[in-house]
Amino acid sequence: MDLLNTLVDKGLRRELPTREEALAVLATSDDDVLDVVAAAGKVRRHWFGRRVKLNYLVNLKSGLCPEDCSYCSQRLGSTTGILKYSWLKPDEASKAAAAGLAGGAKRVCLVASGRGPTDRDVDRVAGTIKAIKEQNEGVEVCACLGLLSDGQAERLRAAGADAYNHNLNTSEGTYGDITTTHTYADRVDTVTKAHAAGLSACSGLIAGMGESDADLVDVVFSLRELDPDSVPVNFLIPVEGTPLAKEWNLTPQRCLRILAMVRFVCPDVEVRIAGGREVHLRTMQPLALNLANSIFLGDYLTTEGQAGRADLEMIADAGFVVEGADEVTLPQHRADVAAGGCGSHAEAGCGPSAEAGCGSHGEAGCGSGVCGSHEEAAPLVEAAVNANEPRTDLVAVRRRGAGTDLAPNA
């Protein structure tokens, strides 16, 4: 296919595809999806080999958010029944992080619901970062606290944060349809602040909210222009009790095409499969590793994910290896710029998704207790035959780990 050959050549040169080419990837048929994966896989392997970076989420403060993001289970007026708690203490957060690091994660993502942090909140998170770094040499810490005020990014960096996550989520043209309590420009401003402070910027999107192909291309092109080091791709989990609970628009093939498009537009950037991979990619998850070089290990913020051991087995069985703590994730030309702390990648790729500003607020996950044990054969057969039907059985609210007395999934 001439289109795919062209996109591979451009990806190896870090050249931006045209909008028409990006749209054409999304428009390919299910019959061609393996060809699309193979082509984008060449670009992924060129820049990242067969390494998979593992990230681990710690939800520092859950629920009780004043924002009205339609996709989010922590939103204002949510009736989802998620865990709700105020700030974890530094030792509690550090203990939660240790579980993920023991499972092979090299980055810990500290997330808090809300519009944005107060200066006191920044002090709290600074203490947590210090505790985690003192107990885990070489760990990367990414903060995701919502909209930043002037000077807060600099304070987080001084406290030891390596990165900051704040997602654009969807195109500027449709942003007002999913959130009214803040603007698309507010999100861009926060990513810019993180860059300017020398933090590695992380910004991505949520797919499956009823957006068009043009919307997806718009947001990914906007991310490339912002130039984050990592781009989380979330697949909407339609959690009951949210306005988007009936939006089951994704198939495994559609998810693969979206990931491939992101890889072609952002060839040398850490592309992370974030919330929703278990629910929407399902048994096609291993194929997605040919497109993305990063995933979250274990559970998400408010929903359960695949068992941590299953994640590790999937990576090994698909012929990939877990990226070591001593390995540099980004290609050398990007790593050199990031080490300089300027936050401006002159010729690099692209640019986090899902709740008041974090790349993992994707409301994803199929709880190991939900999708791992089916005692009757009939439901399995029915699910296989009706593969495009909503898989609400794969959505489970997190009841373990941070904010509970139960062991985390890692």
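Caption draft 1: Spatial organisation of the overall build of the protein. When helices and strands are counted, the protein shows 16 helices and 10 strands. Counting only residues that meet the buried cut, the protein has 61% of its 410 residues in that class. When the accessible surface of the protein is split by element, carbon and sulfur atoms take 50% of a total near 15100 Å².

Caption draft 2: Fine view of the packing of aromatic side chains. One pass over the full model with this rule turns up two aromatic pairs. Plain terms: the ring middles of Tyr175 and Tyr184 are 6.1 Å apart, the flat faces sit at 65° to each other, and that makes the pair edge-to-face. With relative accessibility at 2%, the residue Tyr175 sits in the buried group. Look at Phe296 and Tyr300: their rings are 6.4 Å apart centre to centre, the planes differ by 75°, and that puts the pair in the edge-to-face class. A single burial state applies to Phe296 and to Tyr300, both of which are buried. Geometry around Phe320 places Arg50 over its ring, the cationic atom sitting 4.2 Å from the centre.

Caption draft 3: Just the packing of helix α4 (residues 90–102) against helix α5 (residues 119–135), in detail. At a closest axis distance of 8 Å, the pairing of α4 and α5 adopts a crossing angle of 45°. In terms of axis orientation, α4 runs oblique to α5. Seen from above, α4 lies across α5 with right-handed handedness. When α4 is examined against α5, the residues Pro90, Ala93, Ser94 and Ala97 are found in contact with a partner set consisting of Gly127, Thr128, Ala131, Ile132 and Gln135.

Caption draft 4: Seen up close, the pattern of salt bridges. This model, assessed by the stated rule, comprises 25 salt bridges. Measuring nitrogen to oxygen at the nearest pair gives 2.5 Å for the salt bridge that ties Arg155 to Asp123. Highlighted residues: Arg155 in helix α6 (residues 152–158) and Asp123 in helix α5, separated in sequence by 32 residues. One connected set of salt bridges, linked through shared partners, spans Lys53, Arg107, Glu140, Glu270 and Arg272.

Caption draft 5: Region of the structure containing the pairing of strand β3 (residues 140–144). Across the five residues that make up β3, a large majority, five, are buried. Here strand β2 (residues 107–112) pairs with β3 via five bridges, running parallel. From the neighbouring strand, Arg107 faces β3, where its bridge partner is Glu140. When β3 meets strand β4 (residues 163–165), the two strands line up parallel, connected through two bridges. The residue of β4 that forms the bridge with Ala143 is Tyr164.

Caption draft 6: Molecular detail of the environment of Glu240. Position of Glu240 relative to the elements: it lies in the loop between β7 (230–235) and α10 (252–265). With sequence-adjacent residues up to four places away left out, Glu240 is seen in contact with Thr80, Ala245 and Lys246.

Caption draft 7: Representation of α10 in the model. Compared with an ideal rise of 1.5 Å per residue, which puts 14 residues at 20 Å, α10 spans 20 Å between its outermost C-alpha atoms and is within 8% of the ideal. When you tally the buried positions in α10, you get 13 out of 14 residues, the bulk of the element.

What counts and how
Residues numbered from 1 in each chain as written. Predicted model: local features only at pLDDT ≥ 70, side-chain atom pairs only at ≥ 80, totals over all residues. Heavy atoms only, no water. Helix = DSSP H or I, 4+ residues; strand = E, 2+ residues; numbered from the N terminus. Buried < 20%, exposed > 50% of the residue type's maximum accessible area, 1.4 Å probe, protein only. Areas by Shrake-Rupley, 256 points an atom, 1.4 Å probe, with all protein chains shown as cover. Phe/Tyr/Trp six-rings, centres within 6.5 Å; stacked < 30°, edge-to-face > 60°. Lys NZ or Arg CZ within 6 Å of the ring centre and 35° of its normal. Axes fitted to C-alpha atoms, helices over the stretch in contact; angles between N-to-C directions. Parallel < 35°, antiparallel > 145°, perpendicular 65-115°, else oblique. Left-handed = near helix turned anticlockwise from the far one by under 90°. Contact = heavy atoms within 4.5 Å. Salt bridge = Lys/Arg side-chain N within 4 Å of Asp/Glu carboxyl O. Pairing = 2+ DSSP bridges. Expected span 1.5 Å × (residues − 1).

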